[in-house]
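# Per-entry structural report
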Amino acid sequence: MYRMIERSSSRWVSSSIKNPLSTWFPLTPIDIHMPLIHSPLVLAFSSPVPEGFVADLERAIQQVLCHYRDLAGRIRRNESGKLGIYLNDQDEDCGVLWIEASTQETLQGFSDQDLAKLHELTPMASQDPVNMGIPLLLQITRFGCGGIALGFGVNHRVVDCNALPEFLLDLAKLTRGERSIEELLSGQPIDRSCMMPRRPPRPSFDHSDYTTNIITMLSSDEAKSIVTRTIHFTRERLALLKSECNKGRSNQPFSTYVSLSAYLWKSITAAREVNVQSKTIILCPVNGRRGLALPAHFFGNAVFRRCACATVCDILAMPLGDLASLIAAGLESLSQEDYLRSVVDFLALKQQHEDQQRSSPQAEEIPRFSFDPNLIITSWARLPFYELDFGFGRPVLATPTEGPCEGYVRVVPSSNGDGGLAVVPTLRNAHMDKLVYSIFNDNKDG
């Protein structure tokens, strides 16, 4: 394990405006359904970094938490056993976990081809156990070349990746001094009520997507074989994949996401060498903000999912266009408000009898699990992480790091700057080698 990062300090940074009252915000059914993980994001900036940047960033964190109050709280249960965000600005441990670190290595020694090494730039790589009830973790790492990295850990129970860029853009503007705290606080306060269930809840669709058990727990030895890598797809190669999926199709063409998902479903299934009679499921998360007509600045979770299912032998034999059709058919309902509201209501009823059985977040290692033979493909492709400017230019690298579970695939903008995409799968080591080999040879043959 890479251990050349020296962590010099760890403390709490809280909001600059202290609310004297304790508050408890209930989490929505979609929030609670999200995995209890800190999603990693590394933003790396080359030199020169201004001398006073870290102090400016700390001031900006204190200011931004006055608006994004949820990020300063803690996930806890109320007297009725329901999960929510507890906020008391007088607590000594409220706010963001702030870690400062350094390394003698240069920024050039870190790349998205070594995500285990990049993971050391995140707070989750600290040897100290992380309390999973903390919404936001931040590690600032200085490089020997003068560059700097901001490693975020964002609790998925608090917010999804679609809302994260707005928070980071506000943080960057405050750091640059181009936005005041008064302007920030003049906006709409954070409100999760629009994602609460109807009264009474009335699900009206089949939601077996949310009841089928598609994961298996991994032993500590099995977890050691799990790796995450980055595979780049150029714009030209994505266009070829999309063209192949849409061959002979006269109606609305498949999107890049659907086309790439079809290709990865086939490729990963082949690399896993699963029994050909087995069934495999692909989960496709979709941002439901537009379908639900949520407020423009809604901060929370609004990610819904649909599944497509087929036998391994069918997946390996089917043309990409047929696989894309399976995926697209499942996604159609995720643009319909009545279906999305039904999901929220269904999960609310499902959670009523689970509330007392769920344990509260604790400071302990979260078990690793696997989707095998299934997989989930989530897209960060349109998220503007490369547009973030804290006062000294945009990041040279903006990427997730190690995945939280086997069978989890993220699609992000490519760091090559060629308009392509990077696929970041987490798989067993042997399966990863086969996947990389097949993708490389497919590209060479094309």
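Description of the structure in this document. Note that this is a predicted model, so its numbers are computed, not measured. (Residues numbered from 1 in each chain as written. Predicted model: local features only at pLDDT ≥ 70, side-chain atom pairs only at ≥ 80, totals over all residues. Heavy atoms only, no water.)

It is worth spelling out the pairing of strand β15 (residues 375-379) at this point. Of all the five residues making up β15, four are buried; the element is thus mostly covered by neighbouring parts of the structure. Pairing analysis gives two bridges linking strand β12 (residues 279-287) to β15, with the strands arranged parallel. For L283, the partnering residue across the bridge sits in β15 and is I376. Across four bridges, β15 lies against strand β17 (residues 408-413) in parallel orientation. Considered in β17, the bridge of T378 is made with R410. (Buried < 20%, exposed > 50% of the residue type's maximum accessible area, 1.4 Å probe, protein only. Helix = DSSP H or I, 4+ residues; strand = E, 2+ residues; numbered from the N terminus. Pairing = 2+ DSSP bridges.)

Relative to the assigned elements, V343 resides in helix α11 (residues 337-352). On the accessibility criterion, V343 (0% relative accessible area) is buried. Through-space distance from the C-alpha of V343 to that of G391 is 42 Å; in sequence the pair is 48 residues apart. Excluding anything up to four places from it in sequence, V343 contacts I30, H207, Y210 and F304. (Contact = heavy atoms within 4.5 Å.)

Once that is clear, we can look at the nonpolar core. Across soluble globular proteins, you tend to see nonpolar side chains buried next to one another. Counting residues in each nonpolar core, the largest one holds 64 residues, and the members touching the most others are F152, F167, F385 and F390. Here the element with the most residues in this core is helix α2 (residues 53-67); it accounts for seven residues. Residues contacting F390, with those up to four places away along its chain left out, are L43, F45, F53, L57, L150, L168, L171, A172, T175 and R176. (Core = buried A, V, L, I, M, F, W, Y, C linked by side-chain atoms within 4.5 Å.)

This part is about helix α7 (residues 235-245). Three- or four-residue spacings in an α-helix give side chains the same orientation, since the helix completes a turn every 3.6 residues. Along α7, the residues that are buried comprise R237, L238, L241 and C245. The buried residues of α7 all sit within an arc of 100° when viewed along its axis, so they share a single face. For α7, the exposed residues lying more than 90 degrees away from the buried face are R235, E236 and L240. (Arc of directions from axis to C-beta.)

Let us now look at α11. Under the 1.5 Å per step criterion, the end-to-end length of α11 is 23 Å for 16 residues, consistent within 8% with the ideal 22 Å. For α11, every residue scored as buried is listed here: Y339, L340, R341, S342, V343, V344, D345, F346, L347, A348 and Q351. In this structure, the buried residues of α11 make contact with α1 (29-33) and β13 (303-311). (Expected span 1.5 Å × (residues − 1).)

What follows is about the packing of aromatic side chains. Taken as a whole and assessed by the stated rule, the structure comprises eleven aromatic pairs. Here F45 and F390 contribute two aromatic rings whose centre-to-centre distance is 5.8 Å and whose plane-to-plane angle is 85°, an arrangement assigned as edge-to-face. Residue F45 is found in strand β3 (residues 38-45), and its partner F390 is found in the loop between β15 and β16 (397-399); the two are separated by 345 residues along the sequence. Residue classification places F45 among the buried residues on the basis of a relative accessible area of 1%. We classify F390 as buried; its relative accessible area is 2%. (Phe/Tyr/Trp six-rings, centres within 6.5 Å; stacked < 30°, edge-to-face > 60°.)

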